[in-house]
Protein chains: 2
Amino acid sequence: MHERQAPITPAQPADPPPPQTRVDNAVRAITDHIHGQSLKVGDKLPSEARFAEWLGVSRTVIREAFKSLSAMRIIEMRAGRRAQVCGFDGSVIALSLTHALRTEQINPQQLWDARRAVETRTVALAAIRRSDAEARRLLALVAQMHDCVDDLARMTEHDIAFHVAIAEASRNPLFPVLVAALTSAMRETNPMVWRQRRDDESRQEVVHAHEAIAQAIADGDPEAASNALARHFDLASQGLVMAGFN
Amino acid sequence: MHERQAPITPAQPADPPPPQTRVDNAVRAITDHIHGQSLKVGDKLPSEARFAEWLGVSRTVIREAFKSLSAMRIIEMRAGRRAQVCGFDGSVIALSLTHALRTEQINPQQLWDARRAVETRTVALAAIRRSDAEARRLLALVAQMHDCVDDLARMTEHDIAFHVAIAEASRNPLFPVLVAALTSAMRETNPMVWRQRRDDESRQEVVHAHEAIAQAIADGDPEAASNALARHFDLASQGLVMAGFN
DNA sequence: CACAATCAACCTATCATACAAGTTATTTCC
DNA sequence: GGAAATAACTTGTATGATAGGTTGATTGTG
């Protein structure tokens, strides 16, 4: 009779841990190299052949290891030149989330809630830390949104740009990345929500919500910014329900 | 004289977009297949050979595409059996963040701030939505922390488990993933912070902060939970400064 | 000497083939 | 009918070859 707390995460049927392949080892060796040599963004890695020799495996193995790291945007590969350490962006996270959405492991509602958590902080920080140029830029972005309430694609891009711009003004490089990832993962579901707002008035309402956020940030009022953001997200949530997500 | 708004993101030297390789195409074809066939977690993919035939490329190309997707945990590969669609977990995000930390694209302070943003919401939601079993579990986890203030490794694992458990109680599957990712990315820097707290008293202080959070959640008091969390993060921030990050 | 064209060396992208080893479905034997 | 042997398939790795991109050195020229 084994005592054990009911685990929240239902102990998976526990496939025995997949045996480490040579590619796995190579991946570790390569990341260790990057870390060990303190390589920074843009630094070049040794060639595939070199690693193959060092690790005593075929180039095939190194190739797959490189590709793995390239997929995770840890390195960047291009024909002819040596791989180099890659800059940090949200695309991996975005892809991961997109896949989770498509396979119904999470739903849009939950994604919006995560955005709410993150952006509640970014707007507040932005209101405090934004530069004047950033304030102007936010207002300009909102102005542009007015012009494309009927162009779904452009609207979406402006929307993403707006929220990322706020995150940038928060002066924490992690936030633009997270916001970009969470937002762009919604690219596939957002159109359905937007289509719920048929009349112009209803659409302008959304733009006005953005306007209020931009204004509050420009005013340097974190409280007002949070409130405006909350209103924006409530609108979105309302749209989600109308579109049949819940 | 070209007019243009000063871009916040310093327009990179703009390498021309890397030409699409066959592997890139294969990756897209495979994800399209998953999406198109509405494959769900655990579903099997066609064999590498099949894809190679369909796309008219060598198995090498498909292999690297598979490995890419496997690195992003979109599929899972194991010798002998066909690849299957993979479940969503935070390990990709965690790896991405770890790499960003190591290459000094972000710093621990910023990571903590992102956690603060996310967890401020998870504790509040947990206080509202937690089941009784989850409340008991949280209190039990804290109790275990008392016993290992001198065992850095166990402490770290308990700490992560605690915060993830809260995120699970928030009933949004995205949150455990995000929290796990953000938390475990700190595995490398946390020890340095912890070592700043030499005396037992100072360490118990940290445990007590956790205790307060768990109690507030058990009491179903979101306000108190947020406050307790804020206190916990202030303590951590203080530790970061002592350890020389800022 | 500066500068541009040329070339050699190196590197990645892809292919074809081969074989070992792990999994799964089938068949065979008791 | 059930268990063991086996066939068919699949992934993991190796080898060797070639095409095409990149880079830096060389060379020729104004």
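Residues numbered from 1 in each chain as written. Chains lettered and ligands numbered in written order. Predicted model: local features only at pLDDT ≥ 70, side-chain atom pairs only at ≥ 80, totals over all residues. Heavy atoms only, no water.

In the nomenclature of an unreviewed UniProt entry, chain A corresponds to FadR family transcriptional regulator from the organism Denitromonas halophila.

(A) Structural context of the pattern of salt bridges. Residue and element names in this part refer to chain B. For the structure shown, the criterion picks out 28 salt bridges over all chains. Glu134 is the salt-bridge partner of Arg171, the closest N and O atoms lying 2.8 Å from each other. Here the residue Arg171 occupies a position in the loop between α7 (152-169) and α8 (174-184), and Glu134 occupies one in helix α6 (residues 132-146), the gap between them amounting to 37 residues. What makes Arg171 partly exposed here is its relative accessible area of 41%. (Salt bridge = Lys/Arg side-chain N within 4 Å of Asp/Glu carboxyl O. Helix = DSSP H or I, 4+ residues; strand = E, 2+ residues; numbered from the N terminus. Buried < 20%, exposed > 50% of the residue type's maximum accessible area, 1.4 Å probe, protein only.)

(B) Just the protein's contact with DNA strand D, in detail. Near DNA strand D lie 20 residues; those nearest to it are Arg22, Ser58 and Val61 of chain A together with Arg59 and Arg63 of chain B. Within the backbone of Gly80 of chain B, an N or O atom sits 3.2 Å from a sugar or linking oxygen of DNA strand D. For the surface near DNA strand D, the secondary structure elements donating two or more residues are α1 (22-36) and α3 (59-71) of chain A together with α3 (59-71), β1 (75-78) and β2 (81-85) of chain B. Taken together, the residues of the surface near DNA strand D break down into six nonpolar, six polar and eight charged. (Near = heavy atom within 4 Å. Polar contact = N/O pair within 3.5 Å; in protein donor to acceptor, adjacent residues only side chain to side chain. Nonpolar A, V, L, I, M, F, W, Y, C, P; charged D, E, K, R; others polar.)

(C) Seen up close, the relation of the copies chain A and chain B. The transform that puts chain A on chain B rotates by 180° and translates by 0.0 Å along the axis, for an RMSD of 0.0 Å. A rotation of that kind, with that shift, is consistent with a two-fold axis. For chain A, the residue whose C-alpha comes nearest the rotation axis is Ser68 of chain A, separated from it by 2.4 Å. Comparing interface residues between copies, 97% of those in chain A also sit at the interface in chain B, which points to an isologous, same-surface contact. (Least-squares fit on C-alpha atoms with pLDDT ≥ 70 in both. Contact = heavy atoms within 4.5 Å.)

(D) Representation of the side chain of Gln204 of chain A in the model. Residue and element names in this part refer to chain A. Here Gln204 lies in helix α10 (residues 200-218). A distance of 3.0 Å separates the side chain of Gln204 from the side chain of His146, its partner in a polar contact. Sequence-distant contacts of Gln204, that is, excluding residues within four places in its chain, are made with His146 and Val149.

(E) Here's a closer look at the layout of surface pockets. As a volume, the second largest pocket reaches approximately 1,700 Å³. Lining the second largest pocket are 50 residues, with Gln20 and Asp24 of chain A together with Ser70, Ala71 and Arg73 of chain B positioned closest to its centre. Elements supplying a minimum of two residues to the lining of the second largest pocket: α1 and α3 of chain A together with α3, β1, β2 and α4 (91-102) of chain B. Ranked by residues supplied to the lining of the second largest pocket, first place goes to α1 of chain A with eight residues. Class assignment for the residues of the lining of the second largest pocket results in 22 nonpolar, 13 polar and 15 charged. (1 Å grid on protein atoms, 1.4 Å probe; cavity = no way out; pocket = protein on both sides within 12 Å on 5 of 7 lines; lining within 4 Å. Points joined across faces, edges and corners; volume = space filled by probe spheres on them.)

(F) Broad picture of the interface of chain A and chain B. Between chain A and chain B, the contact holds 59 residues from the first and 58 residues from the second. Along the contact surface separating chain A from chain B lie six salt bridges. Taking the shortest distance from any N to any O, the salt bridge between Glu64 of chain B and Arg63 of chain A comes out at 2.6 Å. Linking chain A with chain B are 12 residue pairs in polar contact (both at pLDDT 80 or more). Listed by contribution, the elements that provide at least two residues to the side of chain A that touches chain B are α1, α3, α4 (91-102), α5 (108-129), α6 (132-146) and α8 (174-184) of chain A. Take the side of chain A that touches chain B: its biggest share by element is nine residues, from α5 of chain A.

(G) Representation of the environment of Val57 of chain A. All names here are of chain A. Position of Val57 among the secondary structure elements: in the loop between α2 (48-55) and α3. On the basis of relative accessibility, which here comes to 18%, the residue Val57 falls in the buried class. Along the sequence, Val57 and Arg22 sit 35 residues apart, while their C-alpha atoms lie 7.9 Å from each other. Other than its neighbours up to four places away in sequence, Val57 contacts Arg22, Ala52 and Ile62.

(H) Summary view of the packing of α4 of chain B against α8 of chain B. All names here are of chain B. Taken N-terminus to C-terminus, the directions of α4 and α8 make an angle of 30°; their axes are 8 Å apart at the nearest point. Accordingly, the angle class assigned to the pair α4 and α8 is roughly parallel. Our pair here, α4 against α8, has a crossing hand that is right-handed. Mapping the contact onto sequence places Ile93, Ala94 and Leu97 in α4 and Val177, Leu178, Ala181, Leu182 and Ser184 in α8. Broken down by class, the residue content of the contact of α4 with α8 amounts to seven nonpolar, one polar and no charged. (Axes fitted to C-alpha atoms, helices over the stretch in contact; angles between N-to-C directions. Parallel < 35°, antiparallel > 145°, perpendicular 65-115°, else oblique. Left-handed = near helix turned anticlockwise from the far one by under 90°.)

(I) Representation of the packing of helix α5 (residues 108-129) of chain B against helix α11 (residues 222-242) of chain B. Residues and elements named next belong to chain B. Direction vectors running N to C along α5 and α11 enclose 160°, while the axes themselves pass 8 Å from each other. Put simply, α5 runs roughly antiparallel to α11. Relative to α11, α5 is oriented so that their crossing is right-handed. In contact with Pro108, Gln109, Trp112, Arg115, Arg116, Glu119, Thr120, Val123, Ala124, Ala127 and Ile128 of α5, α11 contributes Pro222, Ala225, Ser226, Leu229, Ala230, His232, Phe233, Asp234, Ala236, Ser237 and Leu240. Broken down by class, the residue content of the contact of α5 with α11 amounts to 13 nonpolar, five polar and four charged.

(J) Here's a closer look at the packing of aromatic side chains. Tallying each qualifying case throughout the model produces six aromatic pairs over all chains. A ring pair is formed by Phe51 of chain A and Phe66 of chain A, whose centres lie 5.8 Å apart and whose planes are at 70°; its orientation type is edge-to-face. Taken as a pair, Phe51 of chain A in helix α2 and Phe66 of chain A in helix α3 lie far apart in primary sequence, 15 residues in all. A residue is classified by how much of its surface remains accessible, and Phe51 of chain A, at 2% relative accessible area, is buried. In this structure Phe66 of chain A comes out as buried when scored by relative accessible area, which is 2%. The ring of Trp112 of chain B carries Arg115 of chain B above its face, with NZ or CZ at 4.7 Å from the centroid. (Phe/Tyr/Trp six-rings, centres within 6.5 Å; stacked < 30°, edge-to-face > 60°. Lys NZ or Arg CZ within 6 Å of the ring centre and 35° of its normal.)

(K) Geometry of the protein's contact with DNA strand C. Taken together, 20 residues form the shell around DNA strand C, and within it Arg63 of chain A together with Arg22, Val23, Ser58 and Val61 of chain B come nearest. Near the protein, within 4 Å, the atoms of DNA strand C are sugar or phosphate in 79% of cases. Gly80 of chain A has a polar backbone atom sitting 3.2 Å from a sugar or linking oxygen of DNA strand C. The separation between a phosphate oxygen of DNA strand C and a polar side-chain atom of Ser58 of chain B is 2.6 Å. For the surface near DNA strand C, the secondary-structure elements that each account for two or more residues are α3 and β1 (75-78) of chain A together with α1 (22-36) and α3 of chain B. Here the surface near DNA strand C gets three residues from one element, more than from any other, and that element is α3 of chain B. Here the residues of the surface near DNA strand C are counted per class, giving six nonpolar, six polar and eight charged.

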